[in-house]
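# Structural features, examined
Next come the chains, spelled out residue by residue.
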Amino acid sequence: ADADLSLIVVPQKEWDEYSEDIRVYNARRREAGKDARRPIVGCNVYCTNNLDEIDEVFWSAVHDHAVSAINHYELDEPEHFKEVGGYDHYADAAYRIKEGGAGSRHTHSHTQIFGTPEMCLEAILEIQDKTHPEEMYGVFKFGEMPLEKSKASMELFAKEVLPEIHKQKLMDAL
């Protein structure tokens, strides 16, 4: 807020927590005489009419992606985050990962966009309600998701979900 930068949210915790973070950020901006801002929000997206694919495709790709991030950011070694100031969230996450493994379904089931077109739209509307974003972006290929599954998901989303999203009005900043 002090640097006059906007927020980009890539979910790693529940949407209610981000809602509070955005409110605090905008309160700080307002105190500094600046206008409130709406964040940019990004999520993994998997849109399908075949719910049997959720385990086979979505959760498998989420797990692959989580393992890749854990390895890249060394999130299985929480001790080195404690030594660097400002990384408490990463240290806490690293301890949880070390105890419980990668790609928690509980966390991801509440933060990502997946399922039928109707389920995807419902998830997006909830995210919009909690964050009032300026814009949202979807990551349609992640982990080791097969390209043909990613492409089919994106095409179904564009055909059935996107037109409904375009009917929504932008909300005021939190």
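Residues numbered from 1 in each chain as written. Predicted model: local features only at pLDDT ≥ 70, side-chain atom pairs only at ≥ 80, totals over all residues. Heavy atoms only, no water.

### With respect to helix α6 (residues 117–131)
Taking 1.5 Å per residue as the helical rise, α6 with its 15 residues ought to reach 21 Å, and the 21 Å between its terminal C-alpha atoms agrees with that figure. Restricting attention to buried positions, one finds in α6 the residues Pro 117, Cys 120, Leu 121, Ala 123, Ile 124, Ile 127, Gln 128, Lys 130 and Thr 131. Once α6 ends, the next one or two residues include His 132, with phi positive near 50 degrees. (Helix = DSSP H or I, 4+ residues; strand = E, 2+ residues; numbered from the N terminus. Expected span 1.5 Å × (residues − 1). Buried < 20%, exposed > 50% of the residue type's maximum accessible area, 1.4 Å probe, protein only.)

### Section: the nonpolar core
By size, the foremost hydrophobic cluster in this structure holds 18 residues, and its most contacted members are Trp 15, Ile 113, Phe 157 and Val 161. For this core, the secondary structure elements donating two or more residues are α1 (15–31), β2 (40–47), α6 and α7 (147–166). For this core, the element with the highest residue contribution is α6, accounting for five residues. Apart from the residues lying within four places of it in its own chain, the contact partners of Ile 113 are Cys 43, Asn 44, Val 45, Tyr 46, Phe 58, Cys 120, Ala 123, Ile 124, Ile 127 and Met 136. If you look at the next biggest cluster of nonpolar residues, it comprises ten residues, including Tyr 46, Phe 58, Ala 61 and Val 62. (Core = buried A, V, L, I, M, F, W, Y, C linked by side-chain atoms within 4.5 Å. Contact = heavy atoms within 4.5 Å.)

### Let's talk about the environment of Tyr 73
As for its position among the elements, Tyr 73 is in helix α2 (residues 53–73). The exposed category is assigned to Tyr 73, whose relative accessible area is 53%. Through-space distance from the C-alpha of Tyr 73 to that of Tyr 90 is 9.5 Å; in sequence the pair is 17 residues apart. Apart from residues lying up to four places away in sequence, Tyr 73 is in contact with His 80 and Phe 81.

### Considering α7
A maximum bend of about 45 degrees is found in α7 at Ala 158. By the burial criterion, the buried members of α7 are Ser 150, Ser 153, Leu 156, Phe 157, Val 161 and Ile 165. (Bend = angle between axes of the 7 residues up to and from the residue.)

### Here we look at the packing of aromatic side chains
A full pass over the atoms with the stated rule returns six aromatic pairs. A centroid spacing of 5.7 Å and a plane angle of 50 degrees characterise the contact between Trp 15 and Tyr 18, whose relative ring orientation is tilted. Of this pair, Trp 15 and Tyr 18 are both found in helix α1, three residues apart, which corresponds to roughly one turn of the helix. Per residue, the accessibility class of Trp 15 equals that of Tyr 18, and both read buried. (Phe/Tyr/Trp six-rings, centres within 6.5 Å; stacked < 30°, edge-to-face > 60°.)

### Some details on a nonpolar patch on the surface
There is a patch of nonpolar side chains on the surface, built from Ile 8, Val 10, Tyr 137 and Val 139 and spanning about 330 Å² of accessible area. As for its placement among the helices and strands, Ile 8 is situated in strand β1 (residues 8–9). Of the residues examined, Ile 8 reaches a relative accessible area of 57% and is grouped as exposed. (Patch = residues over 30% accessible without salt bridge, like charges linked within 9 Å, V, L, I, M, F, W, Y side chains within 5 Å. Areas by Shrake-Rupley, 256 points an atom, 1.4 Å probe, with all protein chains shown as cover. Salt bridge = Lys/Arg side-chain N within 4 Å of Asp/Glu carboxyl O.)

### A closer look at the side chain of Thr 116
Among the structural elements, Thr 116 can be located in the loop between β3 (113–115) and α6. Residues within four places of Thr 116 in sequence aside, it is in contact with Cys 47, Thr 48 and Leu 51.

### Quick word on the pattern of salt bridges
Enumeration according to the criterion identifies seven salt bridges in this entry. Notably, a salt bridge pairs Arg 29 with Asp 4, separated by 2.9 Å at the nearest N-O pair. In this pair, Arg 29 is assigned in helix α1 and Asp 4 in the segment before β1, connecting sequence segments 25 residues apart. Judged by relative accessible area, which is 3%, Arg 29 ranks as buried. Given the relative accessible area of 36%, Asp 4 is considered partly exposed. As a salt-bridge pair, Lys 13 and Asp 21 come within 2.6 Å of each other at their nearest N and O atoms. A network of salt bridges, in which partner residues are shared, links Asp 4, Arg 29 and Arg 37.

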